[in-house]
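Commentary on secondary and tertiary structure
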Amino acid sequence: MSERVLDWSWRHLPAVQQPTWPVPEVAEQATATLKSLPGIVDIQECDQLRREVAAAADGRALVLQAGDCAERFDTSPESTSATVRVITRIAHVLSRGVGLPVVVIGRMAGQFAKPRSGATEERDGVELPVYRGDVINSPEFTLAARIPDPRRMLTAHRAAVAKLGLVRSLNREMFVSHEALLLDYESALVRWDEPSGRWFSASGHLLWIGERTRDPLGAHVAFIAQLANPIGVKIGPTCTVDEVLSVIDRIDPAGEPGRLTLVARMGADRIRTALPPLLRAVVRSGRHVAWMCDPMHGNTIKLGAGRKTRRFEDIAAEVARFHETLGEHGVAPSGLHLELTGEDVTECIGRSPALSERDLARRYETACDPRLNRLQAIRLVHLTTRTFRK
Ligand code: PEP
Ligand code: MN
């Protein structure tokens with residue numbers, strides 16, 4: 001990390017979930033331009049966030065990370081403001097309820113790239129390339145919209161700068177984060193900090209690696225290991241003990257406080273069996289990381305018209321079981337990772353407000369995964385404070 005030459009050998013490792021740009025020269029021009037642009041965040045704030053995550057790993061604070069599954073370039077300022085307001089509100093509820101400071105991190109100002117389970121999407125016998133997030137293509141179901149366009153990386157940079165400005169005008173201490181998925185974009189936003197002699201990502205304060213790209217021998221892990229930012233890694237129910245230990249070795253070899261957060265996204269029905277072996281192995285290895293709960297991604301189901309949804313009860317159950325499991329292992333829970341919006345959408349179903357499968361058609365607006373609406377988010381955080389154990 002302290003060498004002045006960024007190691008690009010990750011370029012030769014397997015990189016899953018990357019688009020094929022139709023004209024590679026256009027992608028090269030776009031990344032060259034990105035490299036010449038100012039960063040979106042600065043390293044002092046990344047260091048500040050790392051110290052706050054370290055406090056959460058020690059049980060002295062909690063992290064609330066939340067926002068859209070997939071941010072859109074054209075999200076209105078009103079909609080962004082509503083989301084920041086609900087995040088700020090639930091952070092207060094959480095802080096008051098558990099008696100700890102809450103560090104707020106948006107899934108915002110850069111959450112423009114999505115991993116997908118297939119390369120194509122079929123509707124009524126027509127098959128098109130899948131939507132991969134606004135930084136790559138556009139969700140409309142036409143061929144023109146779905147062809148990857150590398151110039152969108154420049155739009156993503158502009159949109160992230162504008163979004164961060166708006167977010168900060170509403171909540172001064174709020175940090176931003178996104179999944180470090182699109183390696184062309186991320187590698188073009190790496191910057192050198194001369195005073196401290198470190199490389200860091202100027203694309204967001206915290207970056208995370210998703211469940212589909214966390215291969216310890218893959219390009220994403222090798223790339224991110226070089227950056228000084230606090231890092232998250234999602235771990236799902238298929239993650240093995242060897243994988244989790246190897247990811248820790250690669251990303252946090254020095255055991256730096258606040259450096260690494262493991263974000264468990266097991267599913268309500270699997271967390272009680274899938275998480276304990278990983279927790280035990282990490283505790284036994286003497287490694288100290290932050291453990292967060294993403295109760296969204298292991299609880300996605302498809303209903304009726306093929307729409308993705310999540311049951312509120314499953315989401316709440318996973319949080320409660322996460323607290324229970326960590327308590328049994330003497331590990332402090334470090335916080336929550338949520339997909340939510342301030343809009344009154346009908347994307348997740350369940351009680352209070354009572355939303356059923358029939359309601360999904362009413363206001364289903366997400367560009368990717370189903371989000372909690374404002375009332376659901378507030379209710380979830382109230383329930384969270386009840387099962388939280390220090
Ligand atoms: C996400 O956070 O939107 C996501 C795709 O998560 P995961 O990598 O955990 O599936
Ligand atoms: Mn998602």
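Residues numbered from 1 in each chain as written. Chains lettered and ligands numbered in written order. Predicted model: local features only at pLDDT ≥ 70, side-chain atom pairs only at ≥ 80, totals over all residues.

**What about the overall build of the protein chain?**
What counts is decided by this rule: Every helix listed is a DSSP run of H or I at least four residues long, and every strand listed is a run of E at least two residues long, numbered separately from the N terminus. Taken over C-alpha atoms, the radius of gyration is set against a globule rule of 2.2 Å times the number of residues to the power 0.38. To assign burial, the other C-beta atoms lying within 10 Å of each residue's own C-beta are counted, with C-beta atoms placed from the backbone; 20 or more indicates buried, 12 or fewer indicates exposed, and intermediate counts indicate partly exposed. This entry defines residue contacts through backbone-placed C-beta atoms, with two residues in contact when those atoms are within 7 Å.
If you tally the helices and strands in the protein chain, you get 11 helices and 14 strands. The C-alpha atoms of the protein chain give a radius of gyration of 20 Å, which matches the 21 Å a tight globule of 390 residues would have. Projecting the C-alpha coordinates of the protein chain onto the three principal axes gives extents of approximately 55 × 50 × 40 Å. Scored against the burial criterion, the 390 residues of the protein chain give a buried share of 47%. Counting contacts in the protein chain only where the partners sit at least 6 residues apart, residues at least 24 apart contribute 76% of the total.

**Some details on the site of ligand 1**
Operational definition: Nearness between a residue and a molecule or strand is assessed with a C-beta atom placed from the backbone; a distance within 6 Å qualifies. Any residue outside Ala, Val, Leu, Ile, Met, Phe, Trp, Tyr, Cys, Pro, Asp, Glu, Lys and Arg is labelled polar, Gly included; the first ten of those are nonpolar and the last four are charged.
Inspection of the region around ligand 1 gives Cys69, Pro115, Glu179, Gly210, Glu211, Arg212, Lys234, Arg265, His297 and Asp369 as its neighbouring residues. Broken down by class, the residue content of the shell around ligand 1 amounts to 2 nonpolar, 2 polar and 6 charged.

**Let's talk about the sheet that holds strand 10 (residues 260–264)**
Spelled out, the test is: Note on pairing: DSSP must find at least two bridges between two strands before they are called paired. The angle between two axes is taken between their N-to-C directions and runs from 0 to 180 degrees, where each axis is a line fitted to C-alpha atoms and a helix contributes only its stretch in contact.
Pairing within the closed barrel is parallel, and its 8 strands lie in the order 1-2-5-8-9-10-11-14. Taken pair by pair, the neighbouring strands of this sheet meet at an average axis angle of 25°, ignoring direction. Looking at chain direction, strand 9 (residues 231–235) and strand 10 are connected through 5 bridges and run parallel. Paired with Ile235 across the strands is Ala264, a residue of strand 10. Sheet strands touched by helix 3 (residues 77–98): strand 1 (62–67) and strand 2 (102–107). Its angle to strand 1, the strand with the most contacts, is close to 155°.

**Points about the pairing of strand 4 (residues 126–129)**
Sheet topology places strand 3 (residues 120–123) next to strand 4; 4 bridges connect them, and they run antiparallel. Residue pairing across strands places Glu121 opposite Leu128, the latter belonging to strand 4. Between strand 3 and the antiparallel strand that follows it, strand 4, lie 2 residues; Asp124 among them carries a positive phi value of about 45°.

**Side note on helix 11 (residues 374–387)**
Convention followed: Multiplying 1.5 Å by the helix residue count minus one yields the expected span of that helix. In this description, the arc belongs to the directions extending from the helix axis to the C-beta atoms.
Along its 14 residues, helix 11 runs 21 Å from first to last C-alpha, staying within 8% of the 20 Å computed at 1.5 Å per residue. Taken as a whole, helix 11 has its buried residues at Arg374, Gln376, Ala377, Leu380, Val381 and Thr384. Looking down the long axis of helix 11, one finds its buried residues gathered within 160° of arc, a one-sided arrangement.

**Quick look at the confidence of the model for the protein chain**
The predicted coordinates ought not to be read in detail in places where the model reports low pLDDT. This is how the line gets drawn: Per residue, pLDDT measures the predictor's confidence, with a range of 0 to 100.
Considering every residue of the protein chain, the mean pLDDT works out to 96; 99% of them sit at 70 or more. Complex prediction metrics read pTM 0.98 and ipTM 0.99.

**Some details on the environment of Val161**
Position of Val161 relative to the elements: it lies in helix 5 (residues 152–170). Placed 122 residues apart in sequence, Val161 and Gly39 show a C-alpha to C-alpha distance of 8.8 Å.

**Comments concerning the environment of Arg371**
Along the chain, the position of Arg371 falls in the loop between strand 14 (335–339) and helix 11. Sequence separation between Arg371 and Arg310 is 61 residues, and the spatial gap between their C-alpha atoms is 8.3 Å.

**Focus on helix 9 (residues 271–284)**
Helix length check: helix 9 (14 residues) gives 19 Å between terminal C-alpha atoms against 20 Å at 1.5 Å per residue, within 8%. Residues of helix 9 that are buried sit in contact with strand 9, helix 8 (241–251), strand 10 and helix 10 (312–328). Immediately downstream of helix 9, the backbone of Gly286 shows phi near 80°, a positive value.

**Looking at the packing of helix 1 (residues 24–36) against helix 5**
Applicable threshold: Every angle not falling under 35 degrees, over 145, or within 65 to 115 is termed oblique; those three ranges are roughly parallel, roughly antiparallel and roughly perpendicular.
At a closest axis distance of 8 Å, the pairing of helix 1 and helix 5 adopts a crossing angle of 25°. For the element pair helix 1 / helix 5, the angle class is roughly parallel. Across from Ala30, Thr33 and Leu34 in helix 1, the residues of helix 5 making contact are Met153, Leu154 and His157. Of the residues that constitute the contact of helix 1 with helix 5, the class distribution is 4 nonpolar, 2 polar and no charged.

**Thoughts on the packing of helix 3 against helix 11**
Rules: Helix crossings are classified by the rotation of the near helix relative to the far one: an anticlockwise turn of less than a right angle makes the crossing left-handed, while a clockwise turn makes it right-handed.
Orientation of helix 3 relative to helix 11, taken along the N-to-C sense of each, is 15°, at an axis distance of 9 Å. Here helix 3 is positioned roughly parallel relative to helix 11, judged by the angle of their axes. When the axes of helix 3 and helix 11 are compared, the crossing they make is right-handed. Only Arg374, Ala377, Ile378, Val381, His382, Thr384 and Thr385 of helix 11 make contact with helix 3, whose side of the interface consists of Val86, Arg89, Ile90, Val93, Leu94, Gly97 and Val98. Per-class residue counts for the contact of helix 3 with helix 11 are 8 nonpolar, 4 polar and 2 charged.

**Considering the pairing of strand 7 (residues 198–201)**
Where strand 6 (residues 190–193) lies against strand 7, 4 bridges are found, and the strand directions are antiparallel. The partner of Arg191 across the bridge, within strand 7, is Phe200. Hairpin connection from strand 6 to strand 7: 4 residues lie between these consecutive antiparallel strands, with Gly197 at a positive phi of about 65°.

**Observations concerning the environment of Leu383**
Note that Leu383 resides in helix 11. With 63 residues separating them along the chain, Leu383 and Ala320 place their C-alpha atoms 8.3 Å apart.

**Regarding unusual backbone geometry**
With a phi close to 65°, Gln17 is a non-glycine residue in the positive phi region. Tracing the backbone through its elements, the reader meets Gln17 in the segment before helix 1. We classify Gln17 as partly exposed; it has 18 C-beta atoms within 10 Å. Residues other than glycine seldom take positive phi values, yet Asp124 does so here, at roughly 45°. Topologically, Asp124 is positioned in the loop between strand 3 and strand 4.

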